[in-house]
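Here is what each chain is made of, one letter per residue.
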Amino acid sequence: MRGMTSPLRAMWDAPAAAPPPPRRVWRDWALIAVIPVTAVLEGLARPELPWVWLWVIVLIAVVPTLLWRRTHPLPMLAIAFAVTAVVTAVTGGDAQLVTTAYLLLLIYAVVRWGSGRAMALGAAIVAASFLLSLLLGPVLLGDLIGSVAVLAMTSSLGVAFRWRAAARARELDRVKLLEREQLARDLHDTVAHHVSAIAIQAQAGTAVAATDPDAAARVLRVIEGEASRTLAEMRSIVRVLRREDAPETTAPSAGIADLRRLAQPGSGGPAVEVQLSGDVDAIPPTVAATVYRLAQEGVTNARRHARNATRVDVRVHADEAGIRLDVRDDGDVAASVASGAFAASATPGYGITGMTERATLLGGTCEAGPAAGGGWAVTAVLPRAGWST
């Protein structure tokens, strides 16, 4: 019994449709203006109908419910159908005016924007009004089938548009989540890289300031350059978020040619050597951007964590099978592990997690760990099958 009632309970507890509907649109005012005129014209054209002018007045009187049908769908439906039900009971039959069709908009509104309770109670109100009509007079089978078909079509349209709006809202939420993830990766891969370089240079400058002022000055120039690049990339990210300045937001991403910037000399930190081989010029821009980010993260980790490292080698090789990236330093892994910089069994940090995710999106793999001959190695393989289609 509990299993049978759970779907009904879920429908009953369903919230109102999101996002909230608009309060007024121009179509509402058009309906308010057109429907009364239509009711009067139909009354003049069909004087033979019983109680025709009473029904004209009633239909005009409940027209304002259309203005609140989105924000308060159930009360507006209840008011309109209660008034028409009373008049039906007094006159002994339904209005035969075509103008009554606008009441379908109230049914649609309940299904489209109402909560689960509103839909259930609205269905009960409509069913009670329909039953009253059947009790007060004979109804042809064709009319009965037609009325049911119209109600079903109206409800189906409400459900369809409600589902479409919900699907669109979920898609927008998904896109926003992906944008946040991309922003987090870009912040980590670009800004964190430059900030790490600034910190390393500052430490080196502090160490040599007393004995070699010229070296300290060179360090300050390097820090100034890194800080300028950091500021430029932060502004670029902010422009992307604000969707301003189209030429800069559509600027090309870093690629293979930019890998040599990782080898820029500077005081302090291990030297970086970049070697490219194979047909690297044929790598698509999106794949090249991924390779650059992977290499940049590998170099940043080596500079930040590798103890006693003097050299970082970056190797990129492209062939018919795909691309292989190797980033390896000659640091003391044992000292790094002892200090907590690296931990073989620890949960990967955001950097390694982001590298793995980037490689996986292109059908590749990314592994990081102690190298056989010493040091720390990052190896990423991006097969051509993962990005050539």
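Residues numbered from 1 in each chain as written. Predicted model: local features only at pLDDT ≥ 70, side-chain atom pairs only at ≥ 80, totals over all residues. Heavy atoms only, no water.

- Per an unreviewed UniProt entry, the chain is named histidine kinase, and its organism is Agromyces ramosus.
- Per UniProt, the comment on the chain under Catalytic activity (unreviewed entry) is "ATP + protein L-histidine = ADP + protein N-phospho-L-histidine." (UniProt positions renumbered as here; feature names shortened; annotations may be inferred.)

### Points about empty space enclosed by the protein
Reasoning step 1: The full count for this structure, using the stated rule, is one cavity of 30 Å³ or more.
Reasoning step 2: In this structure, the largest cavity encloses a volume near 40 Å³.
Reasoning step 3: In terms of lining, the largest cavity is formed by Gly298, Asn301, Ala302, Val327, Arg328, Asp329, Trp376 and Val378.
Reasoning step 4: For the lining of the largest cavity, the elements supplying multiple residues, two or more each, are helix H10 (285-305), strand S3 (322-329) and strand S5 (376-383).
Reasoning step 5: When its residues are assigned to classes, the lining of the largest cavity shows four nonpolar, two polar and two charged. (1 Å grid on protein atoms, 1.4 Å probe; cavity = no way out; pocket = protein on both sides within 12 Å on 5 of 7 lines; lining within 4 Å. Points joined across faces, edges and corners; volume = space filled by probe spheres on them. Helix = DSSP H or I, 4+ residues; strand = E, 2+ residues; numbered from the N terminus. Nonpolar A, V, L, I, M, F, W, Y, C, P; charged D, E, K, R; others polar.)

### Remarks on the sheet that holds S3
Reasoning step 1: Within the open sheet, the five strands sit side by side as S1-S2-S3-S5-S4. Their pairing is mixed. For this open sheet the edge positions go to strand S1 (271-278) and strand S4 (365-370), each flanked by a neighbour on one side alone. Along the sheet, successive strands turn relative to each other by an average axial angle of 10 degrees, direction set aside.
Reasoning step 2: Relative to S5, S4 runs antiparallel, the two sharing six bridges. For Thr365, the partnering residue across the bridge sits in S5 and is Val381. (Pairing = 2+ DSSP bridges. Axes fitted to C-alpha atoms, helices over the stretch in contact; angles between N-to-C directions.)

### A word on the UniProt feature "transmembrane region" (unreviewed entry) in the chain
Reasoning step 1: Following the UniProt record, one finds the feature "transmembrane region" (unreviewed entry) at residues 51-67, 74-91, 120-138 and 144-163.
Reasoning step 2: Between the C-alpha atoms that bound residues 74-91 there is a distance of 26 Å. The span itself is 100% helix and 0% strand.
Reasoning step 3: Across residues 144-163 one finds 100% helix and 0% strand; the C-alpha atoms that close the span lie 29 Å apart.

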